[in-house]
Amino acid sequence: MSTAAASASPGRVLADLLPASRVRDVALVLGGAALTGLAAQIAVPVPGSPVPVTGQTFAALLVGTSLGARRGVFALVLYALAGLAGVPWFADGSAGLSVSFGYILGMVLASAAVGALARRGADRSVWRTAGAMLIGEAIIYAVGVPYLAYAAGIPFATAVSVGLTPFLVGDAVKALLAMGLLPTAWKYADR
């Protein structure tokens, strides 16, 4: 088996193509948290919803997929803890608990799921990447929407209408971006 073919074999994620060291892992975790915080600043308000459309979910899923479950979870936990401690890098430069914090908790779990799927090769083809992203998004909503209902004191059906439905088209676009980006990265890694 060639070196390139071995690098792209299942069991590895994109981050594993870099020389292994603790410094690498720490840098990747810090970078994943920072990328998620930066992407959260791309925020577009949704009329009638307390939750904006952000690049945060795309970054969280990309971090989990490219770093793998363990490093992805560490990156998202660091992101969440720093935001709770006052670092203004949640959506729109906010920090602390809000009605949308459940989505951040969902992102931690989603990064674990997509990272585990990536280790099994789910980021190597367009359709498998699409499946991984849809699973990740479903996990984010499965935590975020009930938390929104609870934290905002609104009925669950209302939380679905303001915290899920308006975001489906944007999430489809994010999945399309990932469907192109991740398999392409592996294609170049094979060279």
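Residues numbered from 1 in each chain as written. Predicted model: local features only at pLDDT ≥ 70, side-chain atom pairs only at ≥ 80, totals over all residues. Heavy atoms only, no water.

1. Examining helix α3 (residues 56-67)
For step 1, the next point in the chain: The terminal C-alpha atoms of α3 lie 16 Å apart, and with twelve residues this matches the ideal 16 Å at 1.5 Å per residue to within 8%.
For step 2, the next point in the chain: Listed in full, the buried residues belonging to α3 are Gln56, Thr57, Phe58, Ala59, Ala60, Leu61, Leu62, Val63, Gly64, Thr65, Ser66 and Leu67.
For step 3, the next point in the chain: Buried residues in α3 make contact with α2 (22-40), β2 (53-54), α4 (69-84), α5 (101-119), α6 (126-152) and α8 (168-189).
For step 4, the next point in the chain: Phi turns positive, to about 90°, at Gly68, one or two residues after α3. (Helix = DSSP H or I, 4+ residues; strand = E, 2+ residues; numbered from the N terminus. Expected span 1.5 Å × (residues − 1). Buried < 20%, exposed > 50% of the residue type's maximum accessible area, 1.4 Å probe, protein only. Contact = heavy atoms within 4.5 Å.)

2. As for the side chain of Thr65
For step 1, the next point in the chain: Its place among the elements puts Thr65 in helix α3.
For step 2, the next point in the chain: Discounting chain neighbours no more than four positions away, the residues touching Thr65 are Val13, Val114, Gly115, Ala118, Asp123, Met133 and Leu182.

3. A short note on unusual backbone geometry
For step 1, the next point in the chain: Positioned with a positive phi, Asp92 is a non-glycine residue whose angle comes to about 60°.
For step 2, the next point in the chain: Position of Asp92 among the secondary structure elements: in the loop between α4 and α5.
For step 3, the next point in the chain: Judged by its relative accessible area of 54%, Asp92 is exposed.

4. Describing the packing of aromatic side chains
For step 1, the next point in the chain: Tallied over the entire structure, the rule returns five aromatic pairs.
For step 2, the next point in the chain: Here the aromatic rings of Tyr103 and Tyr141 are separated by 6.2 Å at their centres, their planes lie at 90°, and the arrangement is edge-to-face. One end of the pair, Tyr103, is in helix α5; the other, Tyr141, is in helix α6, with 38 residues separating them in the sequence.
For step 3, the next point in the chain: Judged by its relative accessible area of 6%, Tyr103 is buried.
For step 4, the next point in the chain: Pairwise contacts between aromatic rings join Tyr79, Trp89, Phe90, Phe101 and Tyr147 into one cluster.
For step 5, the next point in the chain: The residue whose ring lies beneath Arg124 is Trp186, and the NZ or CZ to ring-centre distance is 3.9 Å. (Phe/Tyr/Trp six-rings, centres within 6.5 Å; stacked < 30°, edge-to-face > 60°. Lys NZ or Arg CZ within 6 Å of the ring centre and 35° of its normal.)

5. Digging into the pattern of salt bridges
For step 1, the next point in the chain: Enumeration according to the criterion identifies seven salt bridges in this entry.
For step 2, the next point in the chain: Measuring nitrogen to oxygen at the nearest pair gives 2.7 Å for the salt bridge that ties Arg71 to Asp16. Of this pair, Arg71 sits in helix α4 while Asp16 sits in the loop between α1 (3-7) and α2; the two residues are 55 residues apart in sequence, bridging distant segments of the chain.
For step 3, the next point in the chain: Its relative accessible area of 14% is what places Asp16 among the buried residues.
For step 4, the next point in the chain: Each of the salt bridges in this network shares a partner with another, and the network as a whole consists of Asp16, Arg24, Asp25, Arg70, Arg71 and Arg119. (Salt bridge = Lys/Arg side-chain N within 4 Å of Asp/Glu carboxyl O.)

What is shown is where atoms sit, not what they do.
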